[in-house]
Structures are given as C-alpha cells and as structure tokens.
Amino acid sequence: MNANPPAIQPQPFAPPRFLTLAVLLFWSWQSGLWLPGLLMGLALEAIPFLNPGLEFSQDDFRRVWNFCNLLGLAAVLYAFGNNDRVGGLGGLLHGAANNRAAMLSGVQSVLNFPRWLPIMLFLAIAAQKASAAGLTPATSFSPFLRWYRQKSGEITPEPMLDLSYPYLILCLFSAGIHANSGSQSYFMGMILLVAWGLWPVRSGRFHPLVWLAVFALAAALALAGDVGVRKMADFTRNLSIQWMSRLLRDRTDPKQVMTAIGEVGQLKLSGAIEVRLTVPPAAAPPEYLHLASYRTYHRQSWFTGTARDDFQEIPPLSSGASNFQLIPGRSGSRLVTVSCYLAGWSSSLGVPEGLLPIPPDCDRLEDMPDTVASLQRSGNGAVLADGPGLMIFKAGYGTGQIPEAAPDTNEDLAVPAEEVPALKETLQKMSLDKTRAATLSTQKLESLIAGFFDSRFTYRTWQKAPSPLAGQQTPLANFLLNTHSGHCEYFATATVMLLRMLGVPARYAVGFYVHERSGENSYVVRGRDAHAWCLVWDRSAAGWQTFDTTPASWLGIEGAGGKISQAVEDFFSWLHYQAAKIRWGQSTLRGYVRWLPAPVLLALLAPIVFRRWRRVRQKVVNGPGNQQVFRPGLDSAFYPVRDRLVELGHVPREEEGFAGWLARILEAKHPRLPEMQLRQLFQLHYRCRFHPRGLTPDERDELASLAAQVLHLLNH
Amino acid sequence: MRLLNRIYYRVQKAIGTGWHFLTQRLTPAGWLVVAGALLSLALTGDLDSTVTYEMFLFFTSLLIAGLAGSFFYRARFEVRRDLPRVGSVGQVFRYRVTVWNRSGKWQSGLMLLERQADPRPGFESWLEWQLWISRGARRFSFLRGRMVSFRRAQFRRGLVPGLAPGASADVEMECLPLRRGELRLLMVRVARQDPLGFFRSFVNIKMEERVLILPRRYRIPDLVLPGALRHQAGGVALASNIGRSDEFVSLREYRQGDPRRHIHWRSWARTGRPIVKEFADENFVRHALVLDTFEEDPLGGRLEEAISVAASFGCSVLNQESLLDLLFVGDRAYCFTAGRGLAHAEQVMEILASVQRSAAQSFHAFQLMVQGHLNLVSGCICVLLQWDEQRQELVRKIKQSGVPLLALVLVQKGSNAEQDRASVPEAAGDLHFLELGKIQEMLMRLQ
C-alpha cells in the first residue's frame, strides 16, 4: 500500500538546445582542450535527438558515479605525478622560498584537477540524458544518504536531481581555470552563456526588457567589481612584497647578513636540525661549518663589500662527474658527509638555492647529487649551490688553509667611525695599541683578546633595553663598555673590530658550530648552533685562521631546553629529513612511492576477481559440465557395438532410449544378430553406466569380451 | 549543562529556521547561482592562476540584482482551501485552492506555497530526546539523532494562472503526509519571483486549517484470525446490536412447538415429512487489538511502526465483520470498541492517528487491563514494541487464559527470532517477530 507512494518529484528541466554545446566549446576555448570539448558537446546534444530512453536502475547510476570518481582519482594522481619536478610539492617540507615554489607547483597540480572536471563528470550527465526519467537519483552520489534512507525507513520519494544546469555551471567554473592574462574574454563569454541559460527560467511576470535591464545591471556591477578587485590585488601584492621581505630577513645571504646586534629581548633559538654530519669511524667532526664571510660592518649588518659579485662557477673535475675541487692541487685527509637543506630559491634557474655549510678549510666536494644545477664559489669562501632542496655530499678538508681571498687593506681593516671611541677605550683596558700589536705574534694577540673576553664578558641571549643615560651609544659600544654580555654576533663583531683597530686584517664569518653527537659516527647541527666567529689574517703563515672569542658557556646556554619537546622536535626533524630525501631523489624509497596506488587498485579489483572466481567455482561444482566429467561408464565397451549397429542401419530414434532401440533391433530378427549375447552385453553396459557401484574388474572383462564377440559376429 | 543544552537547542533551531527560510525564498535557479558563486569562491584567492573570481563577481552581482528585484511586491489576494478531512501517511492527497485577485492589477507568474505549523519539538521534549540519545540506546544514534526530520508533510507548489483584477482561479495542490496526527496548515503564501527568477517574495494569507493524517497501513494477507468463525454461511453485516444471535446448525424433524417460520419447506417437499431448521445461540466474534505504547524513544520511532501494524490489522479485522476492542494506554488506559455499527474502521484509524506514547502509566497496569478484558473476547492480537520480561509475561498470561493469540513483536534487524521464541515456549507458534525496516515483507510471510 505504501511501498511506492505517488511521487512529488521535480520535472527534468533541460537547458535550451545547443547551450550545452556552446558552454563546452567555451570551456574548450578557455582551457585549450578543443577536441574533448567538441566531442562531449556534440554527444550531449545528440542524445536528446536519438532519444534512447534507457531504463537505468539506481545501481546503474551509482556505478556511473563511481566510475566518475575513479576517473577523478586517476586525474588527481596524474595531475600530481605529471608536475613532480624540482620545486614540486616536496618543497612544502622546508624553506620559505621553497614553500613559494612548491606552492606554485602545487597550485598548478591542484588547478589541473578542476580544469578537467567536465571530462570527469561527462558520463554522469550523459547517463542522465540517456535515461528515460531524465533525472539522477540523489542517493547515487552518497552512500551515506543511501544508508540513512534505508535505516530510517524514509517514506518520502527518492530525491531526484537534474544535473543539466549544475553541469553547465561546473563547465563555466572549469573554463575559468587558466592564467589571468588580463583579457576579458572569459568574463564576456560567461555573461553571454549565463544570459542564454537564464532566459528560459526568468519570471513570466515581467516584461523581457525588465529582465534584460536587471541582467545588464548585474553585469555592470560585476564589471565594476572586476576593476576594483584588480586594483585591490595590485595594492595587496605591493603590501605582501614588503611584508615577505621582512619575513625573509634572517635568511643567510651570501652578500650581506643582518645581525641581531642591538635587538632587545630574548634571542629566538631554534632546535630544528639544520645539518647532519657523518664522519668515518673514530674520526672527529669539523669544529665549524662555514657558510660565508663578510668584510664591511655598517649599522649592525655585515656586507661582503667589494667581493659582492665575485661568484665563480666551479667546474666539475670531469664532465658529468659529481666531484668538485675548491682549492686546486690541495687534498685534505679528512672527509665528512654533509646533509643540508637549500633554503633559498633561484628565480633564474627555478630551483632551490643556498650556501653549503662546509668546513672552513674545505678543499673539495665529492659525490654531489646529479641534479645540482650550479655550484659557485666566492672570494669570501662561500659556496653557493643551486639544485635539489636537500643536498647530501662529502666534503674533504684538513689542510688547515682557508680558501679565502687575501686581505684587502681597505675593507679588511675598515672600522666604522662611530665604533672607534668605544674600541679605543676597550683597547686601553687591554693595554694594547697598534705598535704593541705589531710586535706580537698573531697567536699571542689572539690569546690576549680571548683572555680579555673570557675574563670580563659573559654570554647571554637576553638583551635589555639600553639605559637612557647611555645616550647615542651604538649597540656594539654598549656591549663593550656597559653590558659586557651578549651573543656570538657581539663577540665576533667586537673581535673583528678590535683586531682591525690593531692593524690586523679580520673578517666576520657565519656558520655552525658542531658539537652534538647523534650516533656513533654522526652529528647533528641545530638552528641554535648557528654561530659567528672571526677570521684573522696570520701574517707568518700568510693565511686566514678561525678565531672564536665567544665564551664556551654559550653551548650550555643555547642547549638549555625541554628534553621531551626536543625529542618531539627531533622526531619531526627526522620525518622532515626522510620526506625530503624521498622528495629530492636522495632515497631509494621514491621508487616505491609510485606503487602507492597499487593497493588501492588491488582493493578495488579484489572483490570483482573474487566474485568471478566464486561464480566459476560454483559452475564447476554444480554446473552441467560437471556431470559430464564425473559420468561413469563412458568407457564402456558397448559403444563400438552401438556404432557398428548404427552402421548396419539400426539408427536409434530421437525419442527412444537404448532399451527401446535394442528391443526394436531384436524384433527385426536380423539373422546375424546374436540375441543372447546382445541382451547380456546390454545388461552389463547398463550396470556399468548406471549402477552406483559400477562393475567389478571381472565383469568389466566379461563386458569387453562379450562386446568383442558381438562385434566379431556383426562383422562377419 | 541545561544552559548549554538550551544554547545548543537554540542554535539548532536557528539553523533549521535559516534553512527553511532559504528553501522558501530561493528558487532552483537561485540555488544554482548561489552554488556557482560558492564554487568559484573556492579558488578566488589566486587572482593570477585563475579567473574564476570573475565568475564569483558576476554570480554575486546576479544575486544582488535578483534580491533587489524581489522587493516591492504588493498585491491583495483572497484564497479558499478545499481540504479533505483526513489523509494517510505516505499517500499523496490532492486538494484545491481557489485564489481571487483583489488588487486592481493583472497578476501573473504566481505560485502558491503552504506554511505548516512549526513541527519541531519544544525544548523539554527535545532535551528528553537528547538525553535518551546520549544514553547510547541506538547504534549511530548520535548521527541519527541529528538527522531526524520533523517535517509533517511535503507540498508541491501550485502554479497560479494569470489573474485579471477581481478574477479567481483554482489551483491544484499536492501534499504527501509524512507523519501521523494532526497536520496544521497556517497560511497560504502567494509567491512571486524576481525578474531574474532567483528569489521569491510572498503575500501571506493567514488561514489555519487542519487535516487528520491517519497512520500508514501495511498490506495484510488473508489471515484466519485467532478465534474467528470459519463456517458461517453468510455475514450478518446488517445486525444492529451486539451480543447473542442465532446461527444455523442443521435440519431436523419437526417437533411440536417449533415455530412455523423455521420450517424448511423444500426438505418437507423432498421427504414428505415436516423438517425444520435448527439454530444454536452464537456470540459475535470479538477481537482485542492490544497496542503496546510503552516506547522508550521520546520521538517514538518504533511506536509509529507499531501503530501502523495495529492500524493495518484493525482495518483487516473490521473487514472480517467482527467486533474489535482497541486497547492501549496513553495518559490513561483506553478501550474502544468498533464494528457492528458501533464505530467504523475510519474511527479506529482516527483514534490510532492520535495515540501518544505512554510515559506516565506502568506496563503492569496495562497488563492488568488486558487480562481483565480477556474474558470478553474470542481472540487477541497483540502488537508489542519489544520482547522483554514484561511483554513475555503478558503473552504468557494471555496464553494461559486460553484466548487464541496472534502476537506481533517489533525487533531490530538481526535479532535472533528463534531464541526469542523459545523464551515463551507455550506461545511459540503464535509469536511473530517483525524486523524494523522489513515489516511489510514479514507481514506477508504470515500467510
């Protein structure tokens, strides 16, 4: 009575003729996929002409929808797989600049998907158009809705949807997925097509001119909005450039570095692992990992000075090889494997870029990744690499020679005028001046300065606001004369300035200090191990030496942190590292990632295969073919006799069995027919064929001999 | 906690009201444009890689223009509904609404909508229901609890033909009742679409009318009811009183004193001796339809099914020309007798349409009422909501009284009927378990 209540259902509301074709052609034009758009449009327009009126069940619609979903899944895999170049999604794992590149790459992948939506959903809309009802059951889209309706015993009629217009909207949306070239073609095309589509559904109450006026008003409003949005976008873009430049301020730049000297408050120290080192068994790691050196100091920033653009490409040792020599003719005995991230971005090459953390006296780089696009070295000892976001290579070192350009008397001895008074006052406290310094060896000078800092200064990451009484003192002067405490940048800068005041060329170097062991032969370097020290020119050795005056207590202070939170952070650092290895092709795992969709496909295929197998198996057990296989008595010796009798003209009729046939033959009283034997033979054969136990071996022999006899008689 | 619940209730109600408002206001074309605007909004953030923000701007502008066009709708109408007195759950009924144009202008492109009384429960009922759900009485109840629809009926909008000033037109409306009980229609809304066809605006005409929605009924197979007469020669449908009646038993030879009107003339002619018809006193068949209303679910999902089953049997019994005593407990115990000129099937249906869940009374009192009634009836049909100790005891008592029984128990899908049946072995043959969701199928198996 209530199983199928008369339905209160929407009627299919088909779009005007050729609108679907027009919208799909518009989509083709905008997205550059001409052929699929044309074919789909023609097919969808042809279906109402052909009027197939197919009776699709709910299950059919569900299958079509599932197929569309699978197509979508395949499209997602293809979109991401096809866009997996350097700077792809893996770049999201690290580095702000890489994030941008990865975002761009990811956006491309994400955008490919909605661009193809009309293709993916084509079957769903075609099925609806070809169906007799012209509507699609809503439950075919949602297993949850199906489940809910079943569970709740819902008596409202199955909700039906008309997908025609939603599909057109979707096509319009997909048509807009392309780069904004500033042309108005999309806007104008959309207005025309929407007007075409809305015309039939307009209210009959108003004159068409009223409709046209309101529609034109809406279009004008949208156009004004478009202009406004473009202006707003330009404005925010400028804003965001300024904002981003502030964010990226702390990235190590080969040309300049802005120090935290003069900043007030707590220095932010990151526990994230930046570099991983592996050394040969029982070998010690390099003490410092050098990134770059700087020459001129101006208002709390260090600059490379005249060596700004002296980056030179380092050629590989042989073409296509992955080994590079930094100091020709030198080869240190020590080797360390370095894993580091390239945090910058090369806009010209379109790949990540960054300075390599290498030992200060590094003379060669071995086993560099094949994907390195460029490797350059500057006179300041900085090695700039462009290539994969994660670099794993071997650095050879141990010669003790720092590969930096010889001192420049202008830049490596320059002291900003505003710092001179404080420096002079400090040197007085140390009882040092230029003439005395000239008489001392570099080592002696170093020990004097180091002793001075060690005895009177403390390491501190906290800086309080300068006292108003300090007047116009520079932060460095405040450090030297008042606070006597600061972090490594204060110490390194002050040391460089003091050395220069004494006539000794010095440079400011940044990099990492290596001290934390993470395994038997491996070490980790965290963000908080970033360090600054100075390079001092050793006149006697005619080479640069590292000289670090930061009190040794800095390691203890910077390492202070929660152990649990550190463990958690390390775990994520490790995950990040593993993911980066896979992403940047430094792991064999990447090969396996391609097989990830396989289990999904298997899971989808398994039920189908299982069902098919079960059906086949049931057929084998129950089907008619099985009876033939196990039918006993087919090897009976009677059959040659039967064949002979047939040859002699005793053809069995269709309706009669063996018994009736035999009776007919015997009634014919053929003179050569051995009646007795034939009856015996027949009985034995019947037992052989139909008796549950069949025949004993003796009886089988008897059957065979009887048959032979009868055959013999029949033949003669 | 109560305050939190109240806030939650208010929020839920506000969302429901908002949704209802949108469904009334937006036309399908309007929904489509809203969906298009939202879809294009998804990628509007990136102005370089896509131009879908233009679609967003345009669709939003269309909506703004449409909304602006939906204002300034003034007209006067008069309407009259010709409603049926009753309807049935799951059965579409049609009715006529006559509309008069009382404004001085030609009116066209209009549509009629009905507004029903708000079917949502008050806070107290809602809270009781929520507490019951949170007890985890049902699997996935947390989900189902939030997805229950309170809608009482679904209407199809009626299209009004063009109306000259002062003219009238009849509009056929369709209604699909979804819930049993009283359906209150509060007002007729004469809707107009904006020029673009996205939004509706209304002239509301208050006119409260009611339709009694009868319970949903299942198809019942041709059953031999327990205790029914099987060999009656014909019906006594026109008998006008209850109680004793004469039933033909056999023919016998005339004895002195037999009334002449009992003489069977044809047999006398055949045999040559006077033969008379012999009668025996016979009671009318009287059935008890026992409806269990002791439902735990405050919204009574299972009770609705039980009432449907009871309604189906009620109609079936009354068609078989017997008396029917409908026994149930609401706010107090009720016993209605129908059949044989006392009340008709429709009246039983109307009573069932109004049955409420029994929360105040005890099941024991119900059991005593049924037991007390058993000596009056010749058969008993019990519709039980579950199969617990109390219900088993009730069935046992009925069985012990010797009254033929047909017990129908609603059970969840997948419950073990055999095991349940074994718990009252003396009534095992009379017990029928109806799985929720497959009730029609299982009722047909009773045959």
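Everything quoted here is computed from the prediction, not taken from an experiment.

**Observations concerning the overall build of chain B**
- Looking only at helices and strands, chain B has 12 helices and 17 strands in total.
- Evaluated residue by residue, chain B yields a buried proportion of 32% over its 447 residues.
- The long-range share in chain B, meaning contacts at least 24 apart out of those at least 6 apart in sequence, stands at 73%.

**Regarding the overall build of chain A**
- In terms of regular secondary structure, chain A is built from 24 helices and 25 strands.
- When burial is assessed residue by residue, chain A has 35% of its 716 residues classed as buried.
- When contacts within chain A are restricted to residue pairs at least 6 apart in sequence, long-range pairs at least 24 apart make up 76% of them.

**Here's the deal with the interface of chain B and chain A**
- Each partner contributes to the interface: chain B provides 48 residues, whereas chain A provides 48 residues.
- Residue assignment for the side of chain B that touches chain A shows that the elements contributing at least two residues are α2 (28-41), α3 (52-69), α5 (141-147), β5 (153-156), β7 (168-177) and β8 (181-193) of chain B.
- When residues in the side of chain B that touches chain A are grouped by element, the largest group, 11 residues, is from α3 of chain B.
- Split by residue class, the side of chain B that touches chain A holds 21 nonpolar, 16 polar and 11 charged.

**Overview of the sheet that holds strand β13 (residues 351-355) of chain A**
- Spatial ordering of the open sheet is given by β9-β15-β16-β13-β12 (chain A), a layout of five strands whose pairing is antiparallel. The strands lining the two open edges of the sheet, one partner per strand, are β9 (312-313) and β12 (344-346) of chain A.

**A short note on the packing of helix α1 (residues 19-31) of chain A against helix α8 (residues 164-175) of chain A**
All names here are of chain A.
- Remark: α1 packs on α8, axes separated minimally by 8 Å, with the N-to-C direction vectors making an angle of 15°. Comparing their axes, α8 and α1 come out roughly parallel. In the packing of α1 onto α8, the handedness of the crossing is left-handed. Residues Leu19, Thr20, Val23, Leu24, Phe26, Trp27, Gln30 and Ser31 of α1 form the contact with α8, whose participating residues are Leu168, Cys171, Leu172, Ser174 and Ala175.
- Looking at the contact of α1 with α8 residue by residue, the class counts come to nine nonpolar, four polar and no charged.

**Observations regarding the pairing of strand β23 (residues 522-526) of chain A**
Residue and element names in this part refer to chain A.
- Taken across its five residues, β23 has four buried, putting it largely inside the fold.
- Sheet topology places strand β5 (residues 273-278) next to β23; five bridges connect them, and they run antiparallel. Along β23, the bridge assignment pairs Thr278 with Ser522.
- When strand β22 (residues 516-517) meets β23, the two strands line up antiparallel, connected through two bridges. Along β23, the bridge assignment pairs Arg517 with Tyr523.
- Connecting β22 to the next strand, β23, in antiparallel fashion are four residues.

**Quick notes on helix α15 (residues 488-501) of chain A**
- An ideal rise of 1.5 Å per residue puts 20 Å on 14 residues; α15 of chain A measures up with 20 Å between its terminal C-alpha atoms.
- In the stretch just after α15 of chain A, Gly503 of chain A is the one whose phi turns positive, near 85°.

**Some details on the pairing of strand β17 (residues 390-397) of chain A**
Residues and elements named next belong to chain A.
- Of all eight residues in β17, six are buried; the element is thus mostly enclosed.
- Note: strand β11 (residues 334-341) against β17, eight bridges, orientation antiparallel. Residue pairing for β17: Val338 is matched across the bridge by Phe393.
- Pairing of strand β14 (residues 364-366) with β17, which is carried by three bridges, proceeds in the antiparallel orientation. By the bridge assignment, Glu366 is partnered in β17 with Lys394.

**Some thoughts on the environment of Val496 of chain A**
- Among the secondary structure elements, Val496 of chain A is positioned in helix α15.
- Linking Val496 of chain A and Trp533 of chain A, residues 37 residues apart in sequence, is a C-alpha distance of 8.7 Å.

**Notes on the sheet that holds strand β1 (residues 77-82) of chain B**
All names here are of chain B.
- If you trace the four strands from one edge of the open sheet to the other, you get β1-β3-β7-β5, paired in antiparallel fashion. Here the strands that pair on one side only, and so sit at the sheet edges, are β1 and β5. Here the average twist between neighbouring strands, direction ignored, is 30°.
- Bridge count between strand β3 (residues 93-101) and β7: eight bridges; the pairing is antiparallel. Paired with Arg96 across the strands is Glu172, a residue of β7.

**Re the nonpolar core**
- Core analysis: the largest hydrophobic core is formed by 81 residues, its most contacted members being Leu498, Tyr508 and Cys534 of chain A.
- The element contributing the most residues to this core is α15 of chain A, with 10 residues.

**Side note on the packing of α8 of chain A against α2 of chain B**
- Running from amino to carboxyl end, α8 of chain A crosses α2 of chain B at an angle of 30°, the nearest separation of the two axes being 10 Å. Comparing the axis directions of α8 of chain A and α2 of chain B gives the class roughly parallel. Crossing of α8 of chain A against α2 of chain B: the hand is right-handed. Of the residues in α2 of chain B, those in contact with Tyr165, Pro166, Ile169 and Phe173 of chain A of α8 of chain A are Leu32, Ala35, Gly36, Leu39 and Ser40 of chain B.
- The residue makeup of the contact of α8 of chain A with α2 of chain B, split by class, is seven nonpolar, two polar and no charged.

**Comments concerning the environment of Gly339 of chain B**
Residue and element names in this part refer to chain B.
- Inspection of the secondary structure assignment puts Gly339 in the loop between β14 (333-338) and α8 (345-354).
- We classify Gly339 as buried; it has 25 C-beta atoms within 10 Å.
- When the C-alpha atoms of Gly339 and Arg286 are compared, they prove to be 9.1 Å apart, with 53 residues separating the residues in sequence.

**Here's the deal with the confidence of the model for chain B**
All names here are of chain B.
- Looking at chain B, pLDDT values average 82 and 87% of them are 70 or higher.
- Taken together, the stretch residues 230-244 has pLDDT below 50 and engages in 12 contacts with residues farther than four places along the chain or on a different chain.
- For this predicted complex, the interface confidence comes out at an ipTM of 0.75, alongside a pTM of 0.56.

**Let's talk about unusual backbone geometry**
Residues and elements named next belong to chain A.
- Of note, Phe18 is a non-glycine position whose phi angle comes to about 75°, a positive value.
- With respect to the element layout, Phe18 can be found in the segment before α1.
- Positive phi values are uncommon outside glycine, yet Asp367 reaches one of about 50°.
- Structurally, the position occupied by Asp367 is in the loop between β14 and β15 (374-377).

The rules we used
Residues numbered from 1 in each chain as written. Chains lettered and ligands numbered in written order. Predicted model: local features only at pLDDT ≥ 70, side-chain atom pairs only at ≥ 80, totals over all residues. Helix = DSSP H or I, 4+ residues; strand = E, 2+ residues; numbered from the N terminus. Buried ≥ 20, exposed ≤ 12 C-beta atoms within 10 Å, placed from the backbone. Contact = placed C-beta atoms within 7 Å. Nonpolar A, V, L, I, M, F, W, Y, C, P; charged D, E, K, R; others polar. Pairing = 2+ DSSP bridges. Axes fitted to C-alpha atoms, helices over the stretch in contact; angles between N-to-C directions. Parallel < 35°, antiparallel > 145°, perpendicular 65-115°, else oblique. Left-handed = near helix turned anticlockwise from the far one by under 90°. Expected span 1.5 Å × (residues − 1). Core = buried A, V, L, I, M, F, W, Y, C linked by C-beta atoms within 7 Å. pLDDT = per-residue confidence, 0-100.

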